Amino acid sequence: MLRQGKKGSAEKRAPSRRQWRAQAVATDELMVDARDCSRMAHTKHTMSTDVESRRRRSTESSEPLWDHDLKGRRCNSQCDRLCVAGAYLEIPDTPSPCTSQYFGHYTPKCLSTHRHSLHSRCTDDVWQEASIRTTIRAENEVEAHKLANNYRFGFRKWKSHVTERPIEDRSDVVKELYSELNYIKHHSGSLVTVGNIVYVLLFGWWISLFYFLVSLLMFCTIAGIPYGKLCLELSGYFLWPFGKALQKSSSLVRKCCMKFPHCEAIPEEVDEVKESLEVKESTPLLRSTPAVNTEIPVTMPAPKQTRYWCRLSTYVWLVLGYPLLAVVHSLAIFLSWMMVFTIPVSKMNARTLSIILLMPPEEVKVQTVKKPQGCETRVLLCCYHAFNWYYYKYTVDGINVFAVNLLPLVIITLVIGYVDKDNYFVSSEVKFATAVSSIIPLSYYIGMGIASISAQSNFAVGAVVNATFGSITEMAFYITALLQGHRAGNKCYAEVVKAALTGTLLGCILFIPGICMIIGGCKHREQRFNSRSAGVSSALLFISVGGVFAPTLFSKAYGNFICEGCNNSPGNTTKPFICNNCHYDLSENNRPLFLSHIEPLVYTVSVLLPAAYLIGLIFTLKTHSHIYDIQVSDAHCHVISDHGAVVHWSRTRALVVLILATILMAACADLSTEHIKPIISNSSVSQYFIGVTVLAMVPELPEIVNGIQFALQNNISLSLEVGSCIAVQVCMLQIPLLIMFNAFYDVGFVLIFSDLHLWASIFSVILVNYIFMDGKSDYFQGTALVVVYLILLALYFFAPAPLGC
């Protein structure tokens, strides 16, 4: 409600209002009740305002901080939701232990507020504790669950949101991405940009040409002359649409910014008793009210015209002109959408096809855009830029646009793979490339489904879903490859699987942390992470690598070292023997050693590794969960509620997507292993290199992108956990599962690796543990990890073919 106030009366009320403010400050320090956790702050405050408010309150208030904190503890779990106290003082980098901070602590059982104060104890232990404290912000309870799951051991790390975010709370850059191109907005800068020029070269000239040809066709029909004039105008528009607008001549709707000077905003009194208990600060007197956006329809008088569907020209247009332009616009929509960064061109063509071309021609007018003075005018179409780099963030129903665009590749792969079985139209190399590339979007959908179910479920369900579906991508390929090799009687497939396992391990502990450190270090100079949680992951890596390669070390100690052939000239006593293809034989010639000693050792390891994984889960999630010290806050104060939170995927939908993606993943993995034989047989590149690069790292591309995004947000801890989590799951879950599968259905998989796999893995784990010791990272350390990874790839590239290939 707005009330017009005079200047004189407002000045008389000013002294009493200052007294009211002082009383409100004192009351705020003395009264901290449970109601503070059940009210959500809707007004956005800047960080500087919070700092000044806390300083002012700490000097004026006579209450000690510890008393305030004890009173704040009365905010118990009255309802099953998450209450958080806003961080009154936040420092962008490392929080200082000498400042008092209040955090809402997230607990999986009781989503309530427990305020913890960091007193002024400037000691090394307190500094270390403050350095590793992790404060995360969430808009609602579901999103808080997802963020908390990212820090849990054994849970898949996921960056994208699983709930819809209100567009009003997003930045102007993101708002521009989701704009419908139907408003004339204030624009500064030149319209002659590289992206707009590229639009003319790629789209503008041929769209304009087709409009010109259709206009000639409409003029020839006589009855379609009005549409011919429209197409002629649109021909010039689509050649250079920037700075122009398509308006409806019959009515204009303006979104005006109206200011009411010398007005006071007075809240309506709903509950006088409630107002008497709670002191609220209203808008100060004589303060200029903010601009109010109001849509004012301005009706323009229009002459009476024949109804749209009663004209001959309408049917001539719908039969001759519209179908041709529909094909043109559909092609432009598809091409610009697939290019991602030109999605504004796709929106412009879609809006033209669905709205503008179906309107009466006399109602569509092309006008040059003038700078709006305080108003945003709604029009039919208005575009300023055809190219926007930020469209890599664009999502459709929570799915990234790249994953949406790659989904048709899965269908193409299945069609050419199962229809053209004899390779009449498409070669095996192309089928293998498309099958491996199809794993990328399917891996993304599986990750999105896991994150959605885990965020909406309890801890037990989330742990089961992550354990079962978290490794489904890799397991589908490994099992299909082993089955393919068993049917073909070729041991090379088993060696390729071992190379893929080792490549995944090396990539997750060297490449993923290294590239994240480089990108994050270039932006943030130096980043800190929780060295204690990293130490837990490092210890599990030592255990897993030691267990996986224990049978290999045992075989080298007790196995028979044989060679295929040794050459030596008769009577030669000085020159050494020349032997070819020497290796430790455990199958044909030394079967008793394998059956009596090595095979039981392999089964023992396959039981101990999952047990160690389970102990790690209990240690990090139950008994020692304080290591991660997760603090969830909404950054403003008060209550994170799930009221109004709309999830992108419900649990049922996420489960259906998981099942379908798993089935499609198995089909694509089967096609990739079926058509890999020409590559591993005729390729000049070592089969080791193919396994440790293409087959190992392509399924992990979504995880690499997530790790890089975490590093850019100065959250290097999650970037490191992305790789460590996958590496631990490879050794402690995937390899034992393969051993159990081989025990029930013998496919020739023996847990004995080559020397190159052995020493490369051991050296990488030692190097990573050395890097993670100090709890700091920069681009130099990341460069060291990436360089070591590239050196190992060079070793695999020049290595001879493994036995059986």
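Chains are numbered independently. Their residues run from 1 in the order of the written sequence. Note on the predicted model: pLDDT of at least 70 is required for a residue's local features to be given, and 80 or more for side-chain atom pairs to be given and counted; whole-chain, interface and lining totals, by contrast, use all residues. Water and hydrogen atoms were dropped before computing side-chain values, which therefore reflect all heavy atoms in the structure.

**Concerning the pairing of strand β7 (residues 244–248)**
Phase 1 of the analysis: Direction of pairing for β7 relative to strand β11 (residues 364–368): antiparallel, over a ladder of 5 bridges. Counterpart to K248 in the pairing with β11 is V364.
Phase 2 of the analysis: One ladder, built from 2 bridges, connects β7 with strand β13 (residues 381–382); its direction is antiparallel. Pairing of A245 across the sheet is with C382, part of β13. One requirement defines pairing of two strands: DSSP has to find at least two bridges between them. For the purposes of this entry, the term helix denotes a DSSP run of H or I that reaches at least four residues, the term strand denotes a run of E that reaches at least two, and both are numbered from the N terminus.

**Points about the packing of aromatic side chains**
Phase 1 of the analysis: Stacked, edge-to-face and tilted labels apply to pairs of Phe, Tyr and Trp rings (six-membered ring for Trp) whose centres lie within 6.5 Å, assigned for plane angles under 30 degrees, over 60, and everything in between, in that order. Taken as a whole, this structure holds 26 aromatic pairs when the rule is applied.
Phase 2 of the analysis: Ring centres of Y688 and Y796 lie 6.1 Å apart, and the angle between their planes is 70°; on these two criteria the pair is classed as edge-to-face. Taken together, the positions of Y688 in helix α22 (residues 687–692) and Y796 in helix α27 (residues 779–798) put the pair 108 residues apart, joining distant regions of the chain. The two residues Y688 and Y796 agree in class, both being buried.
Phase 3 of the analysis: Put simply, the rings of Y199, F203, W206, W240 and F242 touch in pairs and so form one group of aromatic residues. Any residue under 20% of the maximum accessible area for its type is buried, any over 50% is exposed, and the rest in between are partly exposed; the area is computed with a 1.4 Å probe on protein chains only.

**Points about unusual backbone geometry**
Phase 1 of the analysis: You will see that I222, though not glycine, has its phi angle at about 65°, which is positive.
Phase 2 of the analysis: Relative to the assigned elements, I222 resides in the loop between α7 (194–220) and α8 (225–239).
Phase 3 of the analysis: You will see that R525, though not glycine, has its phi angle at about 65°, which is positive.
Phase 4 of the analysis: Within the secondary structure, R525 is located in the loop between α16 (492–524) and β16 (527–528).

**Examining the side chain of S454**
Phase 1 of the analysis: Tracing the chain through its elements places S454 in helix α13 (residues 428–455).
Phase 2 of the analysis: What qualifies as a polar contact is a pair of N or O atoms within 3.5 Å, subject to a donor-acceptor requirement within protein and to the restriction that residues adjacent in sequence count only when both atoms come from side chains. At 3.0 Å, the side chain of S454 forms a polar contact with the side chain of N466.

**Remarks on α16**
Phase 1 of the analysis: End to end, α16 covers 45 Å across 33 residues, agreeing with the expected 48 Å (1.5 Å per residue, within 8%).
Phase 2 of the analysis: The sharpest bend along α16 reaches about 40° and sits at G507.
Phase 3 of the analysis: Extensive coverage of α16 is indicated by the burial of 27 of its 33 residues.
Phase 4 of the analysis: Looking one or two places after α16, you find R525, whose phi comes out positive at around 65°. Expected helix span is computed as 1.5 Å times (number of residues minus one). In this scheme, the bend at a residue equals the angle between the axes fitted to the seven residues that finish there and the seven that begin there.

**Structural notes on the nonpolar core**
Phase 1 of the analysis: Here the nonpolar core consists of buried residues drawn from Ala, Val, Leu, Ile, Met, Phe, Trp, Tyr and Cys, with membership extended through side-chain atoms lying within 4.5 Å. L510 and F749 are the most contacted members of the largest nonpolar core, which has 119 residues in total.
Phase 2 of the analysis: For this core, the element with the highest residue contribution is α16, accounting for 17 residues.
Phase 3 of the analysis: Apart from the residues lying within four places of it in its own chain, the contact partners of F749 are L482, V497, K498, L501, L738, I739 and N742.
Phase 4 of the analysis: The next biggest cluster of nonpolar side chains, apart from the first, holds 35 residues, and it includes L181, Y199, W206 and C383. Note on definitions: a residue-residue contact is assigned when non-hydrogen atoms from the two residues lie within 4.5 Å.

**Remarks on the sheet that holds β11**
Phase 1 of the analysis: What the 3 strands build is an open sheet, ordered β11-β7-β13; its pairing is antiparallel. The open sheet is flanked by β11 and β13, the only strands paired with a single partner.
Phase 2 of the analysis: Lying over the sheet, α8 contacts β7, β11 and β13, oriented at roughly 150° with respect to β7. Here, axes are lines fitted to C-alpha atoms. For helices the fit covers the stretch in contact, and angles between N-to-C directions go from 0 to 180 degrees.

**A few points about helix α5 (residues 141–150)**
Phase 1 of the analysis: Taking burial as the measure, the 10 residues of α5 include 10 buried ones, the bulk of the element.
Phase 2 of the analysis: Listing the buried residues of α5 in full gives E141, V142, E143, A144, H145, K146, L147, A148, N149 and N150.

**Points about the packing of α16 against helix α26 (residues 755–771)**
Phase 1 of the analysis: For the pair α16 and α26, the least separation of the axes is 10 Å and the interaxial angle reads 25°. If you check the angle between α16 and α26, you find them roughly parallel. Judged by the twist between their axes, the crossing of α16 over α26 is left-handed. Only H757, A760, S761, S764, V765, L767, V768 and I771 of α26 make contact with α16, whose side of the interface consists of K498, A499, T502, L505, L506, I509, L510 and M517.
Phase 2 of the analysis: When residue character is reported, Ala, Val, Leu, Ile, Met, Phe, Trp, Tyr, Cys and Pro are called nonpolar, Asp, Glu, Lys and Arg charged, and the others, Gly included, polar. Split into classes, the residues belonging to the contact of α16 with α26 amount to 11 nonpolar, 4 polar and 1 charged. For this classification, under 35 degrees means roughly parallel, over 145 means roughly antiparallel, 65 to 115 means roughly perpendicular, and everything else is oblique. Should the near helix be turned anticlockwise from the far one by less than a right angle, the crossing is termed left-handed; should it be turned clockwise, right-handed.

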